[in-house]
Structures are given as C-alpha cells and as structure tokens.
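# Reading the structure
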Amino acid sequence: LIQRWQDEGKTLLPISVNLSRVHFKDLSFLRAFSKLKESYQIPDGMIEFELTESVFFGHKQIDPVINIIRQMHKCGFLCSLDDFGFGFSSLVLLKEFDVDVIKLDRQFFVDISNPKTKNIIAGVVELAKKLGVEIVAEGIETEEQLRFLKSLRCDMVQGYIYSKPLPVAEFEVWWNLFDSAHHNSLRN
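What comes next concerns the included structure. Throughout this document, residue positions are counted from 1 along each chain, in the order its sequence is written. This being a predicted model, a pLDDT of at least 70 is required before a residue's local features are given, and a value of 80 or more before pairs of side-chain atoms are given or counted; all residues contribute to the totals for chains, interfaces and linings. Working from all heavy atoms in the structure, the side-chain values ignore hydrogens and water.

### Description of helix H5 (residues 115-131)
Its 17 residues give H5 an end-to-end C-alpha distance of 24 Å, which sits within 8% of 24 Å, the value for a rise of 1.5 Å per residue. Exposure classes here rest on a 1.4 Å probe applied to the protein chains alone. A residue is buried below 20% of its type maximum, exposed above 50%, and partly exposed in between. Each helix is a run of DSSP H or I of at least 4 residues and each strand a run of E of at least 2, with the numbering of both proceeding from the N terminus. Those residues of H5 not exposed but buried are Thr117, Ile121, Val124, Val125 and Ala128. All buried residues of H5 project into a common sector of 95° when viewed along the axis, lining one side. Of the exposed residues in H5, those oriented more than 90 degrees away from the buried face are Pro115, Lys116, Asn119 and Lys130. What a helix should span is 1.5 Å times the count of its residues minus one. Throughout, the arc means the angular range of directions from the helix axis out to the C-beta atoms.

Okay, here's the thing in structure tokens:
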C-alpha cells in the first residue's frame, strides 16, 4: 500500500502494526519486517509498531524489549506504546523504553468533564512533550473532547470524531476528501 502511494505520488501516511507478546517469543521477528520494508522500498518512519503493556510483563522481558526497540529504530521503524494508562501501565515504561509515540487509551476521555481527568490528561501530554514523544489520543468521539485536546496541543487524535475504521479503498476515498477539506481550510 505504501509503495503504491509512493508510485502514485500520493501523500504518505504511516501505518501502524500491532505487536503482541507472541512476536517477542522469537526475537528475530524483526528481520521479516525489515525484509518487507526493503523489498517495497518503504521510507523510514512509515511503519510504526504498536506495543501494548502486555509485551512488558515480567522483568525478563525488559532487556529484550529495550534491544528490539533499538533495532526497530536502526531499521527505520517507529515504536509506540499503545493503550497507555489502561490496566497496569506505568510511568516506568516511559523511562525504560525509547518509544516515539504514546497512545492514550480511550478510557481517559470517557468523562472529559471531570476536572481530575483533565488534569491527568494535561499532565501526561506535558510529560510527553518534555520527553520528546508524540502523543495520540485514542477513541475521540465528541467535539468537547476534541476542543480540550486542541487546547493542550495534543499531537494527534484518532477516533469516530473523524471516521470509523475503514477498509483501505474506503479509507483512501475518505482521506482524499479529508485532506482536500483540511488544505482548503488552511488557505482560508
């Protein structure tokens, strides 16, 4: 898909791939992804691996994950911490792992009118900026949520506020319309 977009001269958008603990059972899994990236001539930064906290369970996993993230970066992949703040996520993960993106779990935004919730979100966004890590708010559905995140200068937002998940062909139609509207609104 990314190669086709390149060949057609379209704007390239990064694609995220979810990884699980299963991938980390064979630490050579990254080789297959690297070969695909090379064979399709995908530019660096166009594929992002999403890691959930389950990948980090157990002290035996810390060193292998640190090494894999380093290898990901050497190969030109990005790495994100998905569903951050849900379950047993810990700020220690941000200290130990050199991720490029933190994806805040949608549960943060369910009760956006709660002042305590707003302070937690603002604190995490500020912390991410200090760490030089992008922040993505997941599961955004309302204008109130979007306005609040814009006021914090949140890097990215994903959710039904823009679109439900779509098959590739429908996404490309949606993206062309969204991109055109966005560029037109910037010119006005």
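### With respect to the side chain of Gln145
Positionally, Gln145 belongs in helix H6 (residues 143-151). The exposure class assigned to Gln145 is buried, which follows from its relative accessible area of 7%. At 2.9 Å, the side chain of Gln145 and the backbone nitrogen of Thr142 are in polar contact. Residue contacts are counted whenever heavy atoms from the two residues lie within 4.5 Å of one another. Excluding its chain neighbours within four sequence positions, the residues that come into contact with Gln145 are Phe109, Val110, Ile112, Gly139 and Ile140. Here a polar contact is taken to be a pair of N or O atoms separated by no more than 3.5 Å, where protein atoms must pair a possible hydrogen donor with a possible acceptor and residues adjacent in sequence count only if both atoms sit in side chains.

### A few points about the packing of aromatic side chains
When two rings of Phe, Tyr or Trp (its six-membered ring) have centres within 6.5 Å they constitute a pair, described as stacked for plane angles under 30 degrees, edge-to-face for angles over 60, and tilted for the intermediate range. The final tally for this structure, using the stated rule, is eleven aromatic pairs. Summarising the aromatic geometry, the rings of Trp5 and Phe171 are spaced 6.5 Å apart at their centres and angled 40° between planes, so their arrangement reads as tilted. On the criterion of sequence distance, the pair formed by Trp5 in helix H1 (residues 2-7) and Phe171 in helix H7 (residues 168-187) is long-range, its members being 166 residues apart. Of the residues examined, Phe171 reaches a relative accessible area of 24% and is grouped as partly exposed. Relative to Phe33, the ring of Phe29 has its centre 6.2 Å away and its plane inclined at 85°; by these criteria the two rings are edge-to-face.

### Digging into the layout of surface pockets
Each cavity reported here is a set of points on a 1 Å grid over the protein atoms alone in which a 1.4 Å probe fits but cannot get out, each pocket an open set with protein on both sides within 12 Å along at least five of seven lines, and each lining residue one with an atom within 4 Å of a point. Grid points are joined across faces, edges and corners, and a volume is the space filled by probe spheres set on the points. Each pocket or cavity is described by its volume, and for the largest pocket that value is around 1500 Å³. Around the largest pocket sit 38 residues that line it, and Pro14, Val157, Gln158, Phe171 and Trp174 are the ones nearest its centre. Considering each element in turn, the lining of the largest pocket owes the most residues, seven residues, to H7. Think of it as three bins: nonpolar holds Ala, Val, Leu, Ile, Met, Phe, Trp, Tyr, Cys and Pro, charged holds Asp, Glu, Lys and Arg, and polar takes everything else, Gly as well. Here the lining of the largest pocket is built from residues that sort into 22 nonpolar, six polar and ten charged. Considering only enclosed or pocket space, the second largest pocket measures out at about 270 Å³ in volume. For the lining of the second largest pocket, the elements supplying multiple residues, two or more each, are H1, strand S1 (15-19) and helix H2 (29-39).

Interpretation in functional terms is not warranted from these geometric data alone.
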